[in-house]
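Residue strings, one per chain:
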Amino acid sequence: MVLVQLLREQKQKVVEAYRKRNIDAENIVEQILEADDYRKSNQAKLDSLLNQSKTIAKSVGELFSQGKREEANKLKEKSTALKQEIKDLQDRAGSISTELADLLYQLPNVPHVLVPDGKTDQDNEEVFRFGDIPEMGKNALPHWELAKKYNLIDFETGVKITGAGFPVYTGNGARLQRALIQFFLDEAVKAGYLEVQTPFMVNEASGIGTGQLPDKEGQMYQVPIDGFYLIPTAEVPVTNIFRDTMLSIKDLPVKRTAYSPCFRREAGSYGKDVRGLNRLHQFDKVEIVQITEPGLSYQTLDEMLEHVKSILTKLELPYRIVRLCGGDLGFAAALTYDFEVYSAAQDKWLEVSSVSNFESYQSNRLKCRYKNSDGKTELVHTLNGSALALPRILASLLENNQNENGISIPEVLIPYTGFHEIN
RNA sequence: GGAGAGGUGGCUGAGUGGCUGAAAGCGGCACCCUGCUAAGGUGUUAUACUGGCAACGGUAUCGAGGGUUCGAAUCCCUCUCUCUCCGCCA
C-alpha cells in the first residue's frame with residue numbers, strides 16, 4: 001500500500017498522478033490523513049493514561065511490600081477508575097487502525113511519470129516492435145483448429161473433467177508445452193535467477209501481501225474449508241517468500257524464477273476473445289521476480305524487459321511492447337509493460353507477458369525491508385514479470401508456423417521437443 | 001485423524017504475578033591491551049508507533065487474540081504453528 005508519509009508530504013503531486021488512473025483521489029487522501037491524525041492524537045492520550053496506570057501499579061507493589069496495605073488499596077481504586085477510559089481509547093485505536101487500513105487498501109499505487117493517460121488498452125503506448133507480421137494465406141487456421149487437426153489439445157474432454165477453460169494437452173501438444181516451460185526456466189537461470197518451486201495454494205496473509213486481497217478475492221479460486229486460495233500467478237508465493245523479512249544489502253538484488261500453473265476465475269469474460277487458448281482458467285507460466293534497492297528498480301525493470309525480449313526473439317515470434325496507460329495499469333503497479341505476440345490466423349496481438357515495477361507498494365504490505373548503506377531500514381522495491389505465459393505463446397507458435405505439411409518448431413526449441421515439426 | 005510436549009531477543013537458553021524489555025552464554029559492533037599460533041579486557045548490541053532541533057522521553061511487543069488483576073512472559077480461555085509417538089498414505 002501507499003505510504004502515508006508520501007501522501008502527507010506530496011499530497012498535491014500524488015493526487016495529480018492519480019488522475020492518470022482516472023480517479024479523483026483528493027477525497028480519500030484527505031480521509032486517510034485525517035484518520036492518521038486522529039490515530040496519532042488518540043494514541044497520545046492512550047499512552048499518557050497507560051503511563052499513569054503503570055506508575056500507579058508500580059507504587060501499589062511497593063506499598064504492599066512495605067506492608068502499607070491501606071495506602072495501597074487507596075491507590076488501587078485510583079487505577080480502577082482509569083481502566084474504563086483506557087479501554088475506550090484502546091477500542092477506538094482498534095477501530096481507527098482498521099478504518100485507516102481499509103482506506104489505504106482502496107488506494108492503488110501511484111502511477112509513474114512515464115504512465116500515459118488513457119482509459120482502456122486502446123490508449124496503451126507502443127514503445128517497441130520486433131519481427132515482421134507474417135503474411136498468411138486464406139487457408140490459415142486458428143490455433144484451436146490446428147490443435148484439433150494435429151491432436152494437440154482436447155478442449156472438450158477438459159470441459160468434461162472440470163469445465164470450460166481447463167484444456168487437456170495431449171501427445172506433442174503436451175510435449176511442446178513442457179519444452180517451453182523447460183526452455184523458459186533455463187533462460188531465466190542463465191540470466192541469474194534462482195529457480196524455486198513453491199506451493200500452488202496460499203493463505204490469506206500471502207494474498208494480502210501481494211495485493212490480491214482484500215479486494216479481488218473473486219478473481220481467485222478458493223478452498224474455503226482450509227482458507228486457502230489457488231494462486232493466480234507464481235508472483236504470489238514467490239514474493240511472499242520475503243514477507244516479514246529483513247534483507248541485507250548484499251542479498252540484493254534478489255532474483256527468483258518459478259514455474260507454476262496459474263488459476264484464474266476471470267468472471268465475466270465471453271465471446272471470441274476466449275476461444276481456444278486465448279483465455280483459460282488454468283494455464284502454465286514461468287515467472288521472474290526481482291527485489292532491489294529503491295534507487296535501482298527502474299534499471300532492473302529495463303533488465304527484465306531485455307530478458308523477455310531475448311526469449312521472444314529466440315522463439316522468432318513477432319512481438320511488440322506497450323506501456324500500459326493509467327486506465328489499464330494494475331492496482332499495485334507503478335509502471336507496467338506488456339508484451340504482445342502477433343497471432344497470425346487470428347490477426348491480433350495477444351498479451352504474453354506483463355512486466356511491472358511495484359516500487360514499495362507490495363513491500364510495504366509485505367514488510368520486506370533492508371538496511372541501506374547508511375544502516376537505515378528502508379522498504380525494498382519489488383518487480384515481476386511473466387517469462388512467459390504459455391498458452392498464447394503456444395497459440396501464436398502454432399498459427400505463425402503452420403504450412404502445408406504441418407507446423408514447424410523454432411530452432412531453439414528442437415533440443416527440448418525432440419522433434420522439429422508437428423504433422 | 002488420535003495422544004502428548006512446546007513456541008521467550010540474531011542464536012542457545014533462564015524466568016510461575018510487581019524491582020523483567022526481559023538473566024546468562026554465543027554471535028555482532030566499537031574501543032583498549034598484547035607481537036608467539038589470535039587471545040584477553042571494557043562498553044555496546046531488538047522492533048514499531050509517537051513527542052522533541054537535539055539531549056532525551058512515552059507506549060506497545062516474550063506465537064496470535066481475548067480474559068482475570070491495581071499490576072501478566074508468568075494464571076485462565078480460544079486459535080495457530082512446531083516437535084514426538086500412534087494411525088493413514090505418494
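Being a predicted model, the structure only gives us computed values, none of them experimental.

*Asks:* Before we go on, may I ask you to explain the pattern of salt bridges in this structure?
*Replies:* Any two side chains of opposite charge can pair, on the condition that their charged atoms come close. Following the criterion strictly, the structure yields 16 salt bridges and no others. Across the pair Glu 187 and Lys 314 runs a salt bridge whose closest N-O atoms are separated by 2.7 Å. A residue pair is termed long-range when its members are at least 10 positions apart, and Glu 187 in helix α7 (residues 171-190) and Lys 314 in helix α10 (residues 297-314) qualify at 127 residues. The class of Glu 187 is buried, set by a relative accessible area of 6%. Within this structure, Arg 8, Asp 36, Asp 37 and Arg 39 form a network of salt bridges that share partners.

*Asks:* Would you take a moment to explain the sheet that holds strand β7 (residues 228-230) for this structure?
*Replies:* Adjacent strands of a sheet pair through backbone hydrogen bonds, lying either parallel or antiparallel. The sheet built from three strands is open, its strands ordered β5-β7-β6 with antiparallel pairing. Looking at the sheet topology across the chains shown, the edges are occupied by β5 (201-202) and β6 (222-223). Bridging between β6 and β7 involves two bridges; their strand directions are antiparallel. What sits directly across from Val 223, in β7, is Phe 228.

*Asks:* Looking at this model, I keep getting lost on the packing of α7 against helix α12 (residues 390-400). Mind explaining?
*Replies:* Here α7 crosses α12 at 115°, and the two axes come no closer than 11 Å. Remark: the crossing between α7 and α12 carries right-handed chirality. Note on element contacts: α12 touches α7 through Leu 390, Ile 393, Leu 394, Leu 397 and Leu 398, opposite Leu 176, Gln 177, Leu 180, Ile 181 and Phe 184. Its residues assigned to classes, the contact of α7 with α12 comprises nine nonpolar, one polar and no charged.

*Asks:* I would appreciate a short explanation of the pairing of strand β10 (residues 282-292) in the present structure.
*Replies:* Working note: regular strand, side chains alternate between the two faces of the sheet. Within β10, 10 of the 11 residues are buried, leaving the element largely enclosed by the surrounding structure. Pairing geometry for strand β9 (residues 254-263) and β10, over 10 bridges, is antiparallel. Residue pairing across strands places Ala 258 opposite Glu 287, the latter belonging to β10. Inspection of the sheet shows β10 paired to strand β16 (residues 381-389) by seven bridges, in the antiparallel sense. Paired with Ile 291 across the bridge in β16 is Thr 382.

*Asks:* Honestly, the packing of aromatic side chains in this entry has me stumped. Any pointers?
*Replies:* The geometry of two aromatic rings is summed up by the distance between their centres and the angle between their planes. Tallying each qualifying case throughout the model produces eight aromatic pairs. Ring centres 5.8 Å apart and planes at 45° place the aromatic pair Phe 183 and Phe 184 in the tilted group. There is no split in this pair, since Phe 183 and Phe 184 are both buried. For the ring pair Tyr 319 and Phe 339, a centre distance of 6.0 Å and an interplane angle of 35° mean the geometry is tilted. Linking Tyr 319 in strand β11 (residues 319-323) with Phe 339 in strand β12 (residues 335-343), this pair joins segments that are 20 residues apart in sequence. When its relative accessible area of 1% is taken as the criterion, Tyr 319 is described as buried. Note on Phe 339: relative accessible area 0%, which makes it buried. The structure contains a cluster of three or more aromatic residues connected by ring pairs, namely Phe 128, Phe 130, Tyr 319 and Phe 339. In this arrangement the basic side chain of Lys 255 is found over the ring face of Tyr 193, its NZ or CZ atom lying 4.8 Å from the centre. The aromatic ring of Phe 128 is capped on one face by Lys 309, whose charged end is 3.9 Å from the ring centroid.

So, how was this worked out
All residue numbers here refer to positions counted from 1 along the written sequence of the relevant chain. For naming, the first written chain is A and the first written ligand is 1, with later ones following in the order written. In view of the model being predicted, local features appear only for residues whose pLDDT reaches at least 70, and side-chain atom pairs are presented and counted only at 80 or more, with totals across whole chains, interfaces and linings using the full set of residues. Here the side-chain values reflect all heavy atoms present in the structure, with hydrogen atoms and water set aside. Only one rule defines a salt bridge in this text: a Lys or Arg side-chain nitrogen within 4 Å of an Asp or Glu carboxyl oxygen. Secondary structure elements are taken from DSSP: a helix is a run of H or I of four residues or more, a strand is a run of E of two residues or more, and numbering for both begins at the N terminus. Three labels apply to residues, based on accessible area from a 1.4 Å probe with only protein chains included: buried if under 20% of the type maximum, exposed if over 50%, partly exposed otherwise in between. When DSSP locates at least two bridges between a pair of strands, those strands are taken to pair. Only the contacting stretch of a helix is used when fitting its axis, a line to C-alpha atoms as for every element, and angles between N-to-C directions run 0 to 180 degrees. For a crossing to be left-handed, the near helix must be turned anticlockwise from the far one by less than a right angle; the clockwise case is right-handed. Note on contacts: a residue pair qualifies if any of its non-hydrogen atoms lie within 4.5 Å across the two residues. In this count, Pro and Cys sit with the nonpolar residues alongside Ala, Val, Leu, Ile, Met, Phe, Trp and Tyr, while Asp, Glu, Lys and Arg are called charged and the others, Gly among them, polar. Ring pairs are drawn from Phe, Tyr and Trp, using the six-membered ring of Trp, whenever the two centres fall within 6.5 Å, and their geometry is named by plane angle: stacked under 30 degrees, edge-to-face over 60, tilted for the rest. Distance and angle both matter: a charge sits over a ring if NZ of Lys or CZ of Arg is within 6 Å of the ring centre and within 35 degrees of the ring normal.

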